Amino acid sequence: MPVPWFLLSLALGRSPVVLSLERLVGPQDATHCSPGLSCRLWDSDILCLPGDIVPAPGPVLAPTHLQTELVLRCQKETDCDLCLRVAVHLAVHGHWEEPEDEEKFGGAADSGVEEPRNASLQAQVVLSFQAYPTARCVLLEVQVPAALVQFGQSVPSSPLSSQGSVVYDCFEAALGSEVRIWSYTQPRYEKELNHTQQLPDCRGLEVWNSIPSCWALPWLNVSADGDNVHLVLNVSEEQHFGLSLYWNQVQGPPKPRWHKNLTGPQIITLNHTDLVPCLCIQVWPLEPDSVRTNICPFREDPRAHQNLWQAARLQLLTLQSWLLDAPCSLPAEAALCWRAPGGDPCQPLVPPLSWENVTVDKVLEFPLLKGHPNLCVQVNSSEKLQLQECLWADSLGPLKDDVLLLETRGPQDNRSLCALEPSGCTSLPSKASTRAARLGEYLLQDLQSGQCLQLWDDDLGALWACPMDKYIHKRWALVWLACLLFAAALSLILLLKKDHAKAAARGRAALLLYSADDSGFERLVGALASALCQLPLRVAVDLWSRRELSAQGPVAWFHAQRRQTLQEGGVVVLLFSPGAVALCSEWLQDGVSGPGAHGPHDAFRASLSCVLPDFLQGRAPGSYVGACFDRLLHPDAVPALFRTVPVFTLPSQLPDFLGALQQPRAPRSGRLQERAEQVSRALQPALDSYFHPPGTPAPGRGVGPGAGPGAGDGT
């Protein structure tokens, strides 16, 4: 006695509509057409080759509409397969050209030759069917008698009223599969028609007991237990079946997450953090030609949608291109916004820019001329802000105290300017009491003299970033005077304290040296430098000084930075990577590097000429520390000479690393652990992007029991 297939609980949505299907007897395909038409099915399938569109020689029959119907093809009462009946509706397209004179037709034609316009219309209609792993093409010959087509009048180029339809029985398809059907003529005179349809599984069929593949499918119950979800499979101890979890994709193939072959009753536990809307379950008995049935029970689950946005990441690819990385497709739109220092909300730049629709894992572009650390990307869904990241901050440094000017261009070369502030966009010049209004005259002068950075430009307007810090003393002289008096008094007090307290008050200087192995590692270094800037540290790194580096040269730039850092009691951080270790080993062996082997910005190679003497002469302890990233380099790989100073692995040893960056005799701060967590949070997105590029699963996204290496192997 066959058992019911599926029992679904946990309010996972409405039950599927149950269908009652017509039965066809016999294994042979067939075709029939509407009255007045004649049709014939070719004996065998043909190659699916649509070819190019060619001009019609006159009136032709062409498909105008596809219609499908589910039926059962049965060998006997309880031995049926699901089949798809396809009806192709046809119409006449085109018209005969009227001859200018009878000589065009060779004078008096032979009375035995029938004029083309008095002949019947014939068409070869192709039906192309695809349902993984099946693909078929069949050819239908259709003929319309001349009496049914009015050739005496000029037929318009748009279709006439329908000439009828031809029906094909039928394409066999698997339960629960997605089928795609195309229809066109040979030769092809029009664009092909297409139709996509999701077929029901055993749950949606009233006649499931007539389909043998539905009989042995297990019962599946999905239930909740606190933060966990249980997949309970109630089957006999002898029954073998397969269970697979996957991410269903709107575009592209599904992404497998977990698969196992199981026996007997099972309870599979999923953590609530593993749930996303596109997480689907596929189950099938381990028998020949068994049906694989799929359900996606979490499409409307609020927790799943929340997890999806928590897993989503924005990734900057180039200056203008970026993408949204997420497990599932989601409806979203993105726009640029401007974030000023001080914690004010990021202000969308719409207008003059516009919201752009976002497709997951598809490269998108903003029409920027230059990047800026204050530019951020906002992603909205259902008019709610879901994601915001300042993609350019890692490579260009922390937020700057710049003002964004919006230029609007009108007809006859009219233009207006306003400065974006938390209260709105302040017109320039203006008598308002805002900061930008008070400095409006100086901002306009900077714009005219070319001191502002142009970020965007088109026919309607432009965006400019203008620095503000140099104007503060011009408008606030009294405030500066008070600050200078206070600074003088403070200096007298600081003279009575130890040197390390003075350095701690203003933040210790840190020079970050690294080998530019690749662009991904440079972004990782930029993220670390930006995170350290949030602490009482003054960080110098060549990423943020490319103009000075190009003007002075790597050797001169590094010598100047190293001398200034050590004179101020700062620390030099050697960030080791495989490329850095190779360069150090080369110097230790040969004492010099090969000419032309490095780029114009490789300050690490240039720094070795004076770093090595500090280590060889014992001056490095207290002034140098080493670091490397977990999973990228083991500390033992660092040459022994450089291990005379502490070498830390990041982020696992962040508290000790930050402690080493403090003044040598500074007391250990009680907030050191809190600062380490702050740096780790800022660094984690860059680590995820470096070790898990777009398109590869990230750690923590595995689902199902035993997620990790080897978890997807069937037993």
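Quick note: structure is the one above.
Residues numbered from 1 in each chain as written. Predicted model: local features only at pLDDT ≥ 70, side-chain atom pairs only at ≥ 80, totals over all residues. Heavy atoms only, no water.

1. A closer look at the side chain of Ser-577
Inference 1: Mapping Ser-577 onto the fold places it in the loop between β33 (571-575) and α11 (578-590).
Inference 2: For Ser-577, the residues in contact, after removing those within four places along its chain, are Ser-515, Asp-517, Phe-521, Leu-632 and Leu-633. (Helix = DSSP H or I, 4+ residues; strand = E, 2+ residues; numbered from the N terminus. Contact = heavy atoms within 4.5 Å.)

2. Describing the sheet that holds strand β28 (residues 424-428)
In sheet architecture, strand pairing relies on hydrogen bonds along the backbone and comes in two forms, parallel and antiparallel.
Inference 1: Strand order in the open sheet made by the five strands is β28-β27-β26-β30-β29, with antiparallel pairing throughout. Taken across any chain shown, the strands that pair with only one partner, and hence form the sheet edges, are β28 and β29 (453-458). When strand polarity is set aside, the average angle formed by the axes of neighbouring strands in this sheet is 25°.
Inference 2: Pairing of β29 with strand β30 (residues 461-467) involves five bridges; the strand directions are antiparallel. From the neighbouring strand, Trp-456 faces β30, where its bridge partner is Leu-463. (Pairing = 2+ DSSP bridges. Axes fitted to C-alpha atoms, helices over the stretch in contact; angles between N-to-C directions.)

3. Comments concerning unusual backbone geometry
As a rule of thumb, non-glycine residues mostly have phi less than zero, and peptide bonds are mostly trans rather than cis.
Inference 1: Following Asp-169, the chain continues to Cys-170 via a peptide bond in cis, the omega torsion being -15°.
Inference 2: With respect to the helices and strands, the residue Cys-170 is situated in strand β8 (residues 164-172).
Inference 3: With phi around 60°, Glu-383 is a residue other than glycine that occupies positive phi space.

4. A closer look at the packing of helix α13 (residues 654-661) against helix α14 (residues 672-691)
Inference 1: Across the interface, α13 lies against α14 with an axial gap of 9 Å and an inter-helix angle of 110°. In terms of orientation, α13 lies roughly perpendicular with respect to α14. Viewed along their axes, α13 and α14 form a crossing whose handedness is right-handed. When α13 is examined against α14, the residues Leu-654, Pro-655, Leu-658 and Gly-659 are found in contact with a partner set consisting of Leu-672, Gln-673, Arg-675, Ala-676, Val-679 and Ser-680. (Parallel < 35°, antiparallel > 145°, perpendicular 65-115°, else oblique. Left-handed = near helix turned anticlockwise from the far one by under 90°.)

5. Some thoughts on the environment of Gln-662
Inference 1: With respect to the secondary-structure elements, Gln-662 resides in the loop between α13 and α14.
Inference 2: Separated by 155 residues in sequence, Gln-662 and Gly-507 have C-alpha atoms that sit 8.7 Å apart.

6. Re the pattern of salt bridges
Inference 1: Tallied over the full model, the rule gives 19 salt bridges.
Inference 2: In this structure, the salt-bridge partner of Asp-301 is Arg-303, at a minimum N-O distance of 3.8 Å.
Inference 3: In this structure, Arg-409 engages Asp-457 in a salt bridge whose closest nitrogen and oxygen atoms are separated by 2.7 Å. In this pair, Arg-409 sits in strand β26 (residues 402-409) while Asp-457 sits in strand β29, placing the two residues 48 residues apart along the sequence.
Inference 4: Under the relative-accessibility criterion, Arg-409 is labelled partly exposed at 28%.
Inference 5: The network of salt bridges with common partners includes Asp-29, Asp-45, Arg-73, Arg-136 and Glu-172. (Salt bridge = Lys/Arg side-chain N within 4 Å of Asp/Glu carboxyl O. Buried < 20%, exposed > 50% of the residue type's maximum accessible area, 1.4 Å probe, protein only.)

7. Concerning the nonpolar core
Inference 1: Ranked by size, the top nonpolar core spans 58 residues in total, and within it Trp-322, Leu-324, Leu-349 and Val-377 carry the most contacts.
Inference 2: Apart from residues no more than four positions distant in its own chain, Leu-349 is found in contact with Leu-336, Cys-337, Trp-338, Leu-375, Leu-404, Leu-420 and Leu-463.
Inference 3: Core analysis: the second largest hydrophobic core is formed by 36 residues, Val-86, Val-88, Val-125 and Val-166 among them. (Core = buried A, V, L, I, M, F, W, Y, C linked by side-chain atoms within 4.5 Å.)

8. Considerations on the packing of aromatic side chains
Inference 1: Using the criterion set out here, one finds eleven aromatic pairs in the structure.
Inference 2: Where Phe-521 meets Phe-629, the ring centres are 6.1 Å apart and the plane angle is 85°; that geometry is what we call edge-to-face. Here the residue Phe-521 occupies a position in helix α8 (residues 519-533), and Phe-629 occupies one in strand β34 (residues 624-629), the gap between them amounting to 108 residues. In this pair, the class of Phe-521 matches that of Phe-629, namely buried.
Inference 3: Judged by centre distance (6.1 Å) and plane angle (65°), the rings of Phe-648 and Phe-657 are edge-to-face. As far as the burial class goes, Phe-648 and Phe-657 line up, both buried.
Inference 4: These aromatic residues form a ring-pair network of at least three members: Tyr-514, Phe-521, Phe-629, Tyr-690 and Phe-691.
Inference 5: Lying over the aromatic face of Trp-247, Arg-257 brings its terminal NZ or CZ to 3.9 Å of the ring centre.
Inference 6: The aromatic ring of Phe-691 is capped on one face by Arg-631, whose charged end is 4.4 Å from the ring centroid. (Phe/Tyr/Trp six-rings, centres within 6.5 Å; stacked < 30°, edge-to-face > 60°. Lys NZ or Arg CZ within 6 Å of the ring centre and 35° of its normal.)

9. Comments concerning the sheet that holds strand β1 (residues 22-25)
Inference 1: Read from one edge of the open sheet, five strands run β1-β4-β5-β8-β2, paired in mixed fashion. In this open sheet, the two strands that pair with only one neighbour each are β1 and β2 (30-33). Going across the sheet, the axis of each strand differs from the next one's by a mean of 35°, ignoring polarity.
Inference 2: Bridge count between β2 and β8: four bridges; the pairing is antiparallel. The residue of β8 that forms the bridge with Ala-30 is Asp-169.

10. Observations regarding empty space enclosed by the protein
Inference 1: As enumerated under the stated definition, the model contains two cavities of 30 Å³ or more in all.
Inference 2: Volume-wise, the largest cavity comes out at about 50 Å³.
Inference 3: Those elements that provide at least two residues to the lining of the largest cavity are β4 (60-76) and β9 (178-185).
Inference 4: Per-element accounting of the lining of the largest cavity gives the leading share, three residues, to β9.
Inference 5: Grouping the constituent residues of the lining of the largest cavity by class yields five nonpolar, two polar and three charged. (1 Å grid on protein atoms, 1.4 Å probe; cavity = no way out; pocket = protein on both sides within 12 Å on 5 of 7 lines; lining within 4 Å. Points joined across faces, edges and corners; volume = space filled by probe spheres on them. Nonpolar A, V, L, I, M, F, W, Y, C, P; charged D, E, K, R; others polar.)

Note that all results are geometric; they support no functional claim without further evidence.
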